[in-house]
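Residue strings, one per chain:
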Amino acid sequence: MIRYASLKTLPPEVSFPEDLRSRIHHDAAAGRLGFDGFMSKAVFDRLYRLSDDWDYRQALERLFTICTFDAEHGDSSSGQSKLVYVAGLAGAAGLTLAVSAWIWLAM
């Protein structure tokens, strides 16, 4: 899924690495920077070093936050990731109950 952060103009010195061009782009007409999928810290660091421009770096930081948070915590449009989260909570609650019962019986 492509995520976006506002960025009116891309600094002229920025040329995205060839291996990332299919994942990152600047839409000049819409004034936004887009990235497709999860952004690792290593990818962020490579893109961050492309320019010292403050607006570019802020947009990239916003994009990094969006692209890592959604992947780690589940995108709001992803029913499957919510199901996994709920199943994890139910499993943790069941384990807590089982341990509590074992301790109670051991006393």
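From a predicted model like this one, the values you see are computed outputs, not experimental measurements.

Asks: Report on the side chain of Ser51, specifying residues and quantitative values.
Replies: Positionally, Ser51 belongs in the loop between helix 1 (41-48) and helix 2 (54-73). At a separation of 2.9 Å, a polar atom in the side chain of Ser51 contacts the main-chain amide nitrogen of Asp53. The contacts of Ser51, once residues within four sequence positions are left out, are Pro11, Glu13, Val14, Tyr56 and Arg57.

Asks: Run through the pattern of salt bridges, naming residues and quoting values.
Replies: Think of it this way: side chains of opposite charge can pair up when their charged atoms draw near. One pass over the full model with this rule turns up four salt bridges. Measuring nitrogen to oxygen at the nearest pair gives 2.9 Å for the salt bridge that ties Arg46 to Asp19. With a gap of 27 residues between them, Arg46 in helix 1 and Asp19 in the loop between strand 1 (2-6) and strand 2 (24-27) connect regions that are remote in the sequence. For Arg46, a relative accessible area of 31% corresponds to the partly exposed category.

Asks: I'd love a proper account of the side chain of His26, names of residues and values included.
Replies: Within the secondary structure, His26 sits in strand 2. Within the structure, His26 has its side chain in polar contact with the backbone oxygen of Leu7 (distance 2.7 Å). Beyond its immediate stretch of four places on either side in the chain, His26 contacts Leu7, Lys8, Thr9, Leu10, Phe16, Arg32 and Leu33.

Asks: Just give me the short version of the environment of Leu50, but keep the residues and values in it.
Replies: Inspection of the secondary structure assignment puts Leu50 in the loop between helix 1 and helix 2. When neighbours within four sequence positions are excluded, Leu50 is seen to be in contact with Glu13, Val14, Ser15, Phe16, Pro17 and Tyr56.

Asks: Explain the nonpolar core residue by residue, including any values.
Replies: Within soluble globular proteins, side chains that are nonpolar tend to cluster in buried spots. Core analysis: the largest hydrophobic core is formed by 18 residues, its most contacted members being Ile24, Leu33, Phe35, Met39, Leu47, Tyr56 and Leu60. With six residues, the top contributor of residues to this core is helix 2. Filtering out sequence-adjacent residues up to four positions away, Ile24 remains in contact with Phe16, Leu33, Gly34, Phe35, Leu47 and Leu60.

What counts, and at which threshold
- Residues numbered from 1 in each chain as written.
- Predicted model: local features only at pLDDT ≥ 70, side-chain atom pairs only at ≥ 80, totals over all residues.
- Heavy atoms only, no water.
- Helix = DSSP H or I, 4+ residues; strand = E, 2+ residues; numbered from the N terminus.
- Polar contact = N/O pair within 3.5 Å; in protein donor to acceptor, adjacent residues only side chain to side chain.
- Contact = heavy atoms within 4.5 Å.
- Salt bridge = Lys/Arg side-chain N within 4 Å of Asp/Glu carboxyl O.
- Buried < 20%, exposed > 50% of the residue type's maximum accessible area, 1.4 Å probe, protein only.
- Core = buried A, V, L, I, M, F, W, Y, C linked by side-chain atoms within 4.5 Å.

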